[in-house]
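What the coordinates show
The chain contents come next:
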Amino acid sequence: MIASEHAHGRTFWDCTSPASGERIGQIEVMGRNRVTQAVERARHAQRAWCELPIKERAQRVLGFCDVLIENAEELVDLLVLETSKPRLEAISNEILVLADLIHWHATHAADILKPREERLHLLKHRKSTISYVPRGLVAVISPWNYPLMLPFSDVTLAALAGNGIVLKPSEHASLVALKAKELWDVSNMPADLLQVVTGGAETASLLLNAGVQKVSFTGSVDVGRKVAEQCAKNLVECVLELGGKAPMIVCADADLERAARAITWGGFANMGQACVSVERVFAHTAIYEPLLERTRELVLGLRQGAPEDVDIDVGALVLERRIAQLEALVADAVEKGATVMTGGTRLARPGNFFSPTLLKDCSPEMRVMQEEVFGPLVPIMRVDTDDEAIKIANSLPFGLSSYVFSKNTKHAEAIAGRLEAGSVVINDVHSDIATPEVPFGGIKLSGYGKVHGIEGLRSMCYTKHISVNRTPLPGRSPFWFPYNTKDIPRALAGMRLLFTRHGPFGRLSRWL
Ligand code: NAD
């Protein structure tokens, strides 16, 4: 998708439409000077920004959200052009979800980031206050699949917490981020507080080493590892939101219509290019055949086309190279015993079109059951018991989202409790990433750290503890120098009193 051009010592890449292959714009590949300049500007602007009361910061971030919404049509046009997603998806899954995330965090930021007193159980003569201090500069490095919602939820949370931000959007979808930056500049936000640096891996790497205090990375496992290594070298904290391989367990007592629709939407929305996409279906043998039949009907009914066509459900893939990878996954599965129920091939038309594909009779050794597909390909496997489904679901090194479908809520919750994942959604799909109140993030190879919710907002700060005595203190504390061996029996007796089951305090804590 990228051709390069050099002008006046600067390099530019062409951006192309996934649906037509046509050139739609250009981005600069920014080098060291541009990255350093961006970092300095954001750092300078942050000094004044972090001094503002949180409520004022929240009002101004909400003002930016207003400007985004006022310009929604223009943002949608760009999203559709760059990613080929249907217009309605661009509105609902990008702008609406982002607006909700911004509103909830802005509304609650003052409470969430308010200093709090921690009551001490032993040192009652001391008062401990925990406060949340802006880190300084946050680097946001983002992927192309939700090129507005993902980076700008990080950007706005970082700003609410009092930070400056340098965003490096994906080279495959930077135009919408640049547009959002233009809107930031005309809103009431300090223009320099947010910087957008464009380019690929090299630009991102320069940013990681430019003296930022926190990194929020969303992307693939392989790149996530490199980011983690770089952050470890610099001893900078990072959040890694990486790939997923969401299992969906459909129990014998599931609502079949809802499960079939959830597979269809959860597997093929955004052409399956979502970290929370349904990537493996484990269907109980009692409902296997009717579930397959209904899902097949629904998938065959999906309307695929270029996003400017009216009423499409699915568009094209953002990356052309993904098509050959999907074909290889299908071939491997078929060779190992799977059957293609729908799709399986590239469409005979210009653009990166691959038809929505369902595979049945899949088994755990197939690559499609093990690797992140990140495309319109859903493998379905028959299972005899819930235990079997849970065991196979947990056998992979991913742990982002997972789904359980059952009409028996207690039963579904019991399964959810046994699944190894950052979130488990019962009788719904994708909603975990769009719920502002709760932390989102994976375990195992899906990364670490959380975005959203109380944890997500607080992680944009460092926690600071201030401890002060409540009453005047003597000149020397009993544990300070000089040590006196006569104190040893007293120290042992005190410890026993407090912490063994024989002492009154020890008994109390065990009773509690
Ligand atoms: P990617 O890892 O290829 O790229 C992500 C970003 O990292 C891009 O901006 C890219 O330029 C940058 N990058 C590339 N090399 C780098 C390096 N060496 N150092 C630092 N940055 C570098 O991912 P992608 O293809 O853009 O996105 C798809 C992946 O993202 C999928 O695996 C998907 O599951 C994952 N994802 C995860 C979440 C989540 O919340 N967990 C959300 C969306 C996407």
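Up top is the structure.
Residues numbered from 1 in each chain as written. Predicted model: local features only at pLDDT ≥ 70, side-chain atom pairs only at ≥ 80, totals over all residues. Heavy atoms only, no water.

1. Re the side chain of K214
Its location among the elements puts K214 in strand β9 (residues 214-218). We note that K214 is buried and unpaired, the nearest opposite charge coming from E237 at a distance of 4.6 Å. For K214, the residues in contact, after removing those within four places along its chain, are R135, L137, V138, A139, V236, E237, V239, S459 and M460. (Helix = DSSP H or I, 4+ residues; strand = E, 2+ residues; numbered from the N terminus. Buried < 20%, exposed > 50% of the residue type's maximum accessible area, 1.4 Å probe, protein only. Lys, Arg positive; Asp, Glu negative; His and termini not counted. Salt bridge = Lys/Arg side-chain N within 4 Å of Asp/Glu carboxyl O. Contact = heavy atoms within 4.5 Å.)

2. What to know about the site of the ligand
Near the ligand you find 30 residues, and of these S142, K168, E171, S220 and E372 are the closest. The separation between an oxygen atom of the ligand and a polar side-chain atom of E171 is 2.6 Å. Between the ligand and the protein, one listed contact pairs an oxygen atom with a side-chain N or O atom of S220 at 2.6 Å. Protein burial of the ligand: of its 860 Å² of free accessible surface, 89% is covered by the chains. Of the pockets mapped on this structure, the ligand occupies the largest pocket. The set of elements that each furnish at least two residues to the shell around the ligand consists of α7 (201-208), β9 and α8 (221-234). The class makeup of the residues in the shell around the ligand is 16 nonpolar, nine polar and five charged. (Near = heavy atom within 4 Å. Polar contact = N/O pair within 3.5 Å; in protein donor to acceptor, adjacent residues only side chain to side chain. Areas by Shrake-Rupley, 256 points an atom, 1.4 Å probe, with all protein chains shown as cover. 1 Å grid on protein atoms, 1.4 Å probe; cavity = no way out; pocket = protein on both sides within 12 Å on 5 of 7 lines; lining within 4 Å. Sits in = over half its atoms within 2 Å of the grid points. Nonpolar A, V, L, I, M, F, W, Y, C, P; charged D, E, K, R; others polar.)

3. A closer look at helix α3 (residues 72-83)
Between its first and last C-alpha, α3 extends 16 Å over twelve residues, near the 16 Å set by a 1.5 Å rise per residue. If you check which residues of α3 are buried, you get A72, L75, V76, L78, L79, V80, E82 and T83. In this structure, the buried residues of α3 make contact with β3 (23-29), α2 (54-70), α4 (87-112) and α6 (175-186). One or two positions beyond α3, positive phi appears at S84, with a value near 65°. (Expected span 1.5 Å × (residues − 1).)

4. Side note on empty space enclosed by the protein
For the coordinates displayed, the defined rule picks out one cavity of 30 Å³ or more. Each pocket or cavity is described by its volume, and for the largest cavity that value is around 80 Å³. Along the wall of the largest cavity there are 15 residues; nearest its centre are P247, R280, F398, G399 and E420. Elements represented by at least two residues in the lining of the largest cavity include exactly β11 (246-250), α12 (386-394), β16 (398-399) and β17 (401-405). Its residues placed into classes, the lining of the largest cavity shows seven nonpolar, four polar and four charged. (Points joined across faces, edges and corners; volume = space filled by probe spheres on them.)

5. Here's the deal with a nonpolar patch on the surface
Nonpolar side chains collect at one region of the surface, where L122, L123, I488, L492, M495 and F499 lie side by side and expose about 550 Å² of accessible area between them. Structurally, the position occupied by F499 is in helix α15 (residues 487-499). Of the residues examined, F499 reaches a relative accessible area of 48% and is grouped as partly exposed. (Patch = residues over 30% accessible without salt bridge, like charges linked within 9 Å, V, L, I, M, F, W, Y side chains within 5 Å.)

6. With respect to the packing of helix α1 (residues 32-49) against α7
With their axes 10 Å apart at the nearest point, α1 and α7 run at an angle of 45° to one another. With respect to their mutual orientation, α1 and α7 come out oblique. Between α1 and α7 lies a crossing whose hand is right-handed. The residues of α7 that touch α1, namely those facing R32, V35 and V39, are T203, L206 and L207. Residue classes in the contact of α1 with α7 are distributed as four nonpolar, one polar and one charged. (Axes fitted to C-alpha atoms, helices over the stretch in contact; angles between N-to-C directions. Parallel < 35°, antiparallel > 145°, perpendicular 65-115°, else oblique. Left-handed = near helix turned anticlockwise from the far one by under 90°.)

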